[in-house]
Structure formats: structure tokens, C-alpha cells
Amino acid sequence: MTKKLTNIFFRATFSALLLAVTFSSPLLAAEDPLAENNDPLSMYFDADATEQTTTRVAKPLSQVAENVSIITAEEIERMNAHSLDEVLNRINGLYVGFNGRDFNTSISSVHIQDSDYEQVLVLVDGIRWNWDLDGMAVTNTIPVEIIERIEVIKGPASSIWGSSLGGVVNIITKATGKTSRPHGTLYGSYGEANSQHYSGSVDGKLGTAGYFLSVTSQNSDGIILNREYDNESVYGKIDFTLPHNTTLTLLAGQANPENDLGDLWNQWGNYIIEHRDVWASAALDTSLTNNIDLHIDGYRKTQKFIYPTFSLDYEPETTGLSSRLTARLDSHTIVMGAEIDRVETESSDSTYDDLKEENWGVYINDTFTVGPCAVTPGIRYDHLSLTDNVLSPSLGMTWQYSEKTLFRALFSQGFRKPYLVDAEDTNLDPEKVTSYQVGFETHVVPSLLIKASLFEHNLKDKWLFDYINWRYDILEKVRHYGYELEVATDPFYHFSLDAGIDYTYTDYYGYMDNDDIYGVKLTLLYDNPELFTAELFSRYQWLNEVKSEPGSQDGTMIWDFNIMKKFQVYPATRMDVFMSAHNLFNGADYWNPAYPNARRWVEAGLRFHF
């Protein structure tokens, strides 16, 4: 009965999409259409555009020296993405090690400019998302429906975030509502292999309390190799406006993804991995004076991994507390902060049971302007319970050469700490890096944005695990250097192009053969509000042999296509009808032969904004 209903839903949605493309007029005339931002270049040159990851407070992009990429909720919606991995795969210089690239995936890895996944810090609402045992970030526990924007720092960010040698992926969730009338979204999609994704979210305000709530359900029989997937998640946020310019924000979430690794693994038994993630936090923001703000927050996160096949489970629990002061004085913005995190583990495996870790750090940074230049010095001290303490300085500068051209330069030092799985090897020092980056962004060519970056990351005491002798080899020095280049066009007859190329060369100084990694991304967008929106996206990557397994596949363009028609049903209600085709030309691209990517598959769905 369920399959019959979902098949009817799929056919009805697909038929509605065809009608939407055929008839360009909306169902009902709209008196007040929903507002949209159709300027793809505003991210770089909008005077009001800000980011908040590089210093922990909102900062104009024109003053950001780091190489930063940003993806917004509007872009995520246009992708019809089911997972954070799909979204991150759009970012130039960032590589996702998909474990399957199916309807949704198991534990994928995130690499920035040929970094290891343990070197990339993933944050959600300021909560450190990397698994405390080994540093892997379990991204399929983060529903895309709750994401307002993603800010990615490429290169070390330890002077502000501590252990983040490779970079930072900061996920900022949607804000609470501002009006008494509730607003929200209802979403449903159905695709091959009974792949279903349903979600609903609502936000609004009751008196002095704003709220946001999201519920998501995903399940699939597996596009390839019977890799079944099931996940239910819920997320809620509420904030209270208090006297004296004070706001209290409470949030909590839970996700329960369950992955069957499919036929390649199930020949040895029913190989399933279950996750049970629960997290909650509370934050207080207040203005002490007209120029000084105080922020205090605390969180608790439990990430439970269950392997029924082997009767194993791992459950690390993390408790964190942080605070910061922000002072805005004339041309200076000074941020001072401190944080502490404590980890305790429980496990059916005695090796990982009752492990403990406690780290704390203090930091300060200042952004000040001198004419057309903005300078940002920063420094952080980290006390690490598993290894040596670390001091991480940085110095960044931007130069607004003209209204349409910005130059930036950055020096920074960073580190990666050992995780609990490495606790037995007490001789491990932190991996350290000294990084240099320069770049520019210009719009001097009419209707064309050009963004370019050069980087060099010099690593010291890099860990490389030897699986034959089951121990770490310590490489005294390793160097990553390369470039990123992106171009984007203004819309021309509703068409626009966004393309990027990145290249990283790794020098192992004779320890092993040098290697490189490079990729290309291409997005062709047709966005006509009177007709429809269609997007063709392609990604090409050449993998580093050190990270990919024997038998991996690369060097293939993977093409995805999305098409969507928007109907203004009522003045404040819109319906989107969409269809997506994944891997149009059946390309093979995967890091591990045990997790081949799915071949071409299609889906369709509906989305209501109210």
C-alpha cells in the first residue's frame, strides 16, 4: 500500500512539473510575491554582507582576509539537497569523501585543500561536531532544513577556534520568527528505490518569545546495492527578549540516522551502523554598554554509535562552556573570549570506555581600519589534556584598492590535537602548520566576478598512520601549496554561470612520492521568475592517492540537473514543483571501492512556503 501511494505521489508530482514548465503563468495572481535575492555577486560586493566565523562576530566581507566561501539557504533549496554532503560538494577547494553518494550517505569525510578530515573543524550553532573519539564529522545528522547559511574558512583558523589545522565548516541555523503570524515550509519528495524525504518547519513569535521548529523524515531502499537508509530528526529553537537589551536563546535537536552498508558488506552479515545524536545549548546575549556586548553559552552533546553486527557501541558525551566580550571602539572591533570542553566516553569496548579529555582556550583579536585597509591580528592559547599546549597567532589584512577590487593577505599558524582514539600513543605532539595566503576579488570586467587565491601550508610533525605496523609515522614536514580560481557572471537573459578550479600539490620531502589533487566545478543557472528555474551542476575531481583506496574511481564529471517552477498560490503562500536527475551520464566517482556511487536516478517533489 505504501509503495502504491508513493508511486501515485511521484506520478502526480512529475505531471505537475511538466504542466508548470508548459504554462508559465502562475496559478493565481500574487499581490505581494515572496522576496528573493537574485544577485549572485552580492556576496562579495554588497556593503551590508557579513560573515561571523573568522572573528566570532559579524564582520563585513570586505574586511575578511581569510579565503571564505558561503552557501545560503536559498542556494540549498535550489539544489533540492538531502544531505549536508551534497551542499559542501559545491564548494571550490573542498572535497567530500562520499561513502556511497546515494540518497543519503553514511559517515563522509570533509577535506579542504588536501587536508585530512581530522584537521577540519565542523561547527553547528557553535557546537563542535567532530566525533570526539577520532575527529570524523558525522554530517548526515544535520538536517539541511535547519541551515540558514554555511561559512567555510579554507586554511588554519586556530587563532580563533583552536584545533582546526585544515579549516572550519561553520553551520549557522535559521533564526526564530519575528512576526505573530507563523511562517514555514512543507516539503515532500519521492524518487527511485522508494527514496522519500518529508519535512516541515515553522517559525513565529508569541509575545516576547520567538520560535523555530523543524521535523524531518528520510528513508530509502538504497539506489544502489540495497543500501537502505532511514533517519528521523527534530530541531527546535526559542529565544526570549529580556529587559536591558538581553536575549536568551535555547535550542535542542536529535537525529537518528541508520545506514545499511549494502550488498558488498552484507555478505559477511547484516552490516548496519546506527547513530543517536542529541544536543542542546543555551546562550545569553546582552549589551553591557553602548559599545560592549557580552555573550555566554553552554552546550551538551551526545553522539552514540551502534554497530549491531558486532554488538558494539560508543557514546562520547561533550559538555562545553564559552564566553566572549565584543568592544566596538571607533575604528576597532575587539573580541576577547574563553571556552572549555570536557569529554567523557562510555563503550562496550573496554579500550574506549571511560576515556576523558578536558581542553580550554583563551583568545583575542582586533579588526581595525586604516584608510582603505583593514588589519586583523589575533592570537589564541590552548591547554590540551592529551598533548602539549599550543599558541596560535594570525595576522590578516585586506586592501580595498577600488570600489570593485579587493586584495587580501593572511599569515596564520594552526594545529590539530590528538583525539581520544589516539590517547594510547602518549608521544603524539600536535600537528602544526604555518600558512600563507594571498588573493583578490574583482568585478572590473563588466558582468564578471573573478576571485583568486594562492596558498602555502607548511606542516610540522604530521601524523601518518601505518596500517601494516599499526602505528603512527611522524613526518617532520609536509607542504601543501596551490591555488583556487572562481568566476561568476551576472545574469544575461536569465542565464548565469559559476565556475571554479582548485589545485593542491603535496610535497612529502622524500618520505613518499609527491602527489596532487585538483577539481573543477561548474554551475549553469537559468532563473526566470515568469517561467521556471533550472540548474545544471557538474563536479570533477582527481584524487590524492594517499587518501583514496586502491580501486577508487576519479577523473569523471558527475552531472546533476534540477528544475523547479514556482507558483504564487496566495499573496503569502508559494508552491514549488521540482524534479531532480542525479548523475545524468552514469559517471563513476568514489574514494573507496566498497562505497561506489549510485548511477543515474531521478526524483520529484513539492514544496510549500506559507
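Residues numbered from 1 in each chain as written. Predicted model: local features only at pLDDT ≥ 70, side-chain atom pairs only at ≥ 80, totals over all residues. Heavy atoms only, no water.

Colleague: How would you summarise unusual backbone geometry if you had to cite specific residues and measurements?
Modeller: Backbone geometry places His494, a non-glycine residue, at a positive phi of 75°. Here His494 is to be found in the loop between strand 26 (471-489) and strand 27 (495-507). (Helix = DSSP H or I, 4+ residues; strand = E, 2+ residues; numbered from the N terminus.)

Colleague: Tell me about the nonpolar core, and please be specific about residues and values.
Modeller: Counting residues in each nonpolar core, the largest one holds 33 residues, and the members touching the most others are Val87, Leu88, Leu94, Ile147, Ile150, Val169 and Ile171. Those elements that provide at least two residues to this core are helix 3 (73-79), helix 4 (84-88), strand 4 (94-97), strand 5 (109-112), strand 6 (120-124), strand 8 (147-154), strand 9 (167-173) and strand 14 (246-255). Discounting chain neighbours no more than four positions away, the residues touching Ile150 are Ser69, Ile70, Ile71, Ile76, Leu84, Val87, Leu88, Val169, Asn170 and Ile171. Residues Leu133, Ile273, Ala594 and Tyr595 belong to the second largest nonpolar core, which totals 16 residues. (Core = buried A, V, L, I, M, F, W, Y, C linked by side-chain atoms within 4.5 Å. Buried < 20%, exposed > 50% of the residue type's maximum accessible area, 1.4 Å probe, protein only. Contact = heavy atoms within 4.5 Å.)

Colleague: Could you give me a rundown of the sheet that holds strand 7 (residues 127-128), with the residues and numbers involved?
Modeller: Taken in spatial order, the five strands of this open sheet run 3-8-9-6-7, and their pairing is mixed. Each of the sheet's edge strands pairs with one partner strand only, and the pair in question is strand 3 (67-72) and strand 7. (Pairing = 2+ DSSP bridges.)

Colleague: An account of the side chain of Asn170 is requested, with residue identities and associated values reported.
Modeller: With respect to the helices and strands, the residue Asn170 is situated in strand 9. Assessed through its relative accessible area of 6%, Asn170 is described here as buried. Side chain to side chain, Asn170 and Thr53 meet in a polar contact 2.9 Å long. (Polar contact = N/O pair within 3.5 Å; in protein donor to acceptor, adjacent residues only side chain to side chain.)

Colleague: Talk me through the pairing of strand 18 (residues 312-329); I want residue IDs and the actual numbers.
Modeller: Where strand 17 (residues 292-307) lies against strand 18, 14 bridges are found, and the strand directions are antiparallel. Note on strand 18: the bridge partner recorded for Ile306 is Asp313. Where strand 17 folds back on strand 18, the antiparallel hairpin that results is connected by four residues, among which Ser311 adopts a positive phi of roughly 55°. Examined bridge by bridge, strand 18 and strand 19 (residues 332-347) share 16 bridges and lie antiparallel to one another. Across the sheet, residue Ala327 finds its bridge partner in strand 19, namely Ile334. Connecting the antiparallel pair strand 18 and strand 19 is a turn made up of two residues, with Asp330 showing a positive phi of about 50°.

Colleague: Residues and numbers for the confidence of the model for the protein chain, please.
Modeller: Residues at a pLDDT of 70 or more form 91% of the protein chain, whose mean pLDDT is 90. Within the model, the stretch residues 1-45 combines pLDDT values under 50 with 85 contacts to residues more than four positions away or in other chains. (pLDDT = per-residue confidence, 0-100.)

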